[in-house]
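Coordinates in review
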Amino acid sequence: MNIGLISLSTDITIEKDFHTHCKHDVYTTRIIFKNPITKESLLDLAGQVENAKKRFPMQMDRYVFGCTSGTAVIGESNLVGLINPLTSARNWLQANNKKELSLITAYTEDVSNIVKAWFEQNGFKIKNHKFLNYSNDIEIGKIDKNQLRQTILEFDPACDTVFSSCTALPVIDMLEDLKNETGVNYISSNQTMIWEINK
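Report on the accompanying structure.

Now for the pairing of strand E7 (residues 161-165). Side-chain positions along a regular strand alternate between the two faces of the sheet. The element E7 is largely enclosed, with a buried count of 5 among its 5 residues. Neither face of E7 is open: one carries Thr 161, Phe 163 and Ser 165, the other Val 162 and Ser 164, and all of them are buried. Examined bridge by bridge, strand E5 (residues 100-107) and E7 share 4 bridges and lie parallel to one another. Each bridged residue has a counterpart across the sheet, and for Ser 102 the counterpart in E7 is Val 162. Taken together, the 4 bridges between E7 and strand E8 (residues 185-188) define a ladder with parallel strand orientation. Within the sheet, the bridge partner assigned to Val 162 lies in E8 and is Tyr 186. With respect to chirality, the unit in which E7 leads through helix H9 (residues 175-182) into the neighbouring parallel E8 is right-handed.

In this section: the packing of helix H5 (residues 85-95) against helix H10 (residues 189-198). Where H5 meets H10, the axes come as close as 8 Å, and the angle between the chain directions of the two elements is 70°. With respect to H10, the element H5 is oriented roughly perpendicular. Every residue of H10 that contacts H5 at Pro 85, Thr 87, Ser 88, Ala 89, Asn 91, Trp 92 and Ala 95 is listed here: Ser 189, Gln 191, Thr 192, Met 193, Trp 195 and Glu 196. Per-class residue counts for the contact of H5 with H10 are 6 nonpolar, 6 polar and 1 charged.

A few words now on the state of the cysteines. In a disulfide, the sulfur atoms of two cysteines are held together by a covalent bond. Counted by the stated rule, this structure contains 0 disulfides. Between Cys 67, a free cysteine, and Cys 166, which holds the nearest cysteine sulfur, the sulfur-to-sulfur gap is 7.0 Å.

To continue, consider the pattern of salt bridges. Per the counting criterion, the structure on display carries 6 salt bridges. Its salt-bridge partner being Glu 15, residue Arg 30 comes within 3.0 Å of it at the nearest N-O pair. On the criterion of sequence distance, the pair formed by Arg 30 in strand E2 (residues 25-31) and Glu 15 in helix H1 (residues 14-21) is long-range, its members being 15 residues apart. Glu 15 gets classed as partly exposed once you look at its relative accessible area, which sits at 29%. Note that Glu 196 is salt-bridged to Lys 199, the shortest N-O span being 3.7 Å. By relative accessible area, Glu 196 is classed as buried at 12%. Lys 199 gets classed as exposed once you look at its relative accessible area, which sits at 61%.

Omega for the peptide link from Asn 35 to Pro 36 comes to 10°, which places this bond in the cis form. Relative to the assigned elements, Pro 36 resides in the loop between E2 and helix H2 (39-43). Non-glycine residue Asn 97 carries a positive phi angle of around 55°. Among the structural elements, Asn 97 can be located in the loop between H5 and E5. We classify Asn 97 as exposed; its relative accessible area is 68%.

Now for H10. For H10, the tally of buried residues reaches 9 of 10 residues, placing the bulk of the element in the interior. Buried within H10 we find Ser 189, Asn 190, Gln 191, Thr 192, Met 193, Ile 194, Glu 196, Ile 197 and Asn 198.

The element E5 is largely enclosed, with a buried count of 7 among its 8 residues. Relative to strand E6 (residues 125-134), E5 is paired through 6 bridges, and the arrangement is parallel. Its bridge partner being in E6, Ile 104 is matched across the sheet by Lys 130. The parallel pair E5 and E6 is bridged by helix H6 (residues 109-121), and the resulting crossover is right-handed.

This paragraph deals with the sheet that holds E7. A sheet is described by the order of its strands in space; here 4 strands give the open sequence E6-E5-E7-E8, paired in parallel fashion. The sheet is open, and its two edges are formed by E6 and E8, each paired on a single side. Across the sheet, the axes of successive neighbouring strands diverge by a mean angle of 20°, strand direction being ignored.

What counts and how
Numbering of residues starts from 1 in each chain and follows the order in which that chain's sequence is written. In keeping with the predicted nature of the model, local features appear solely for residues at pLDDT of at least 70, side-chain atom pairs appear and are counted solely at 80 or more, and the whole-chain, interface and lining totals rest on all residues. As a rule here, side-chain values cover all heavy atoms of the structure and leave hydrogens and water aside. We call a residue buried when its accessible area falls under 20% of the maximum for its residue type, exposed when it is over 50%, and partly exposed in between, using a 1.4 Å probe and counting protein chains only. Strands here are runs of E lasting at least two residues and helices are runs of H or I lasting at least four, both read from the DSSP assignment and numbered beginning at the N terminus. Strands are treated as partners if at least two bridges between them are detected by DSSP. By convention, orient the strands away from the viewer: a clockwise path from the first strand over the helix to the second makes the crossover right-handed. Working convention: axes come from line fits to C-alpha atoms, limited for helices to the stretch in contact. Angles between N-to-C directions cover 0 to 180 degrees. Each angle gets one of four labels, with under 35 degrees taken as roughly parallel, over 145 as roughly antiparallel, 65 to 115 as roughly perpendicular, and the rest as oblique. Here, two residues are considered to be in contact whenever any of their heavy atoms come within 4.5 Å of each other. Put simply, Ala, Val, Leu, Ile, Met, Phe, Trp, Tyr, Cys and Pro go in the nonpolar bin, Asp, Glu, Lys and Arg in the charged bin, and everything else, Gly too, in the polar bin. The definition used for a disulfide is geometric: two cysteine sulfur atoms within 2.5 Å. For salt bridges, the criterion is a side-chain nitrogen of Lys or Arg within 4 Å of an Asp or Glu carboxyl oxygen.

What follows is the structure, encoded as structure tokens:
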């Protein structure tokens, strides 16, 4: 199966995660994103998606839109036919009978609250929420992994599931160890999309 990954021009994490963890052939094209991460800059992504699909060298079996906060801002109805982080997270939560979760979002408070509101509007209870207050996803991708791991461990989820939001967040390789250490289900934007594709 061929996977067409539509990534932001500024995301230095998602492509590596997909090539490492996805069981299928992954082809990538990028759409232009201009930091900082704001509602307005995320809305600018909407008009680029269809043209991005045309840039792949062949018809893909599945297409992926690689932006979590962008999905919350643009809306699922404008991303029909594309796997995206929030729909995949919802599907994972439903498949595992989870009705509540806690959030770690990489963004500033206002963008983080847009993602939080998306989950609430989809019927999930948010038990706790921590935002890391980054406005540049290149900086998000460069977060020191030991520092990120410590931040996650210091976060009190108040439930058994934590979603780490942002495709640029370098968290996927620590999720299993975090679960083994704490007993909490740690999931993330890239992990849930890859789960959706691999299942």
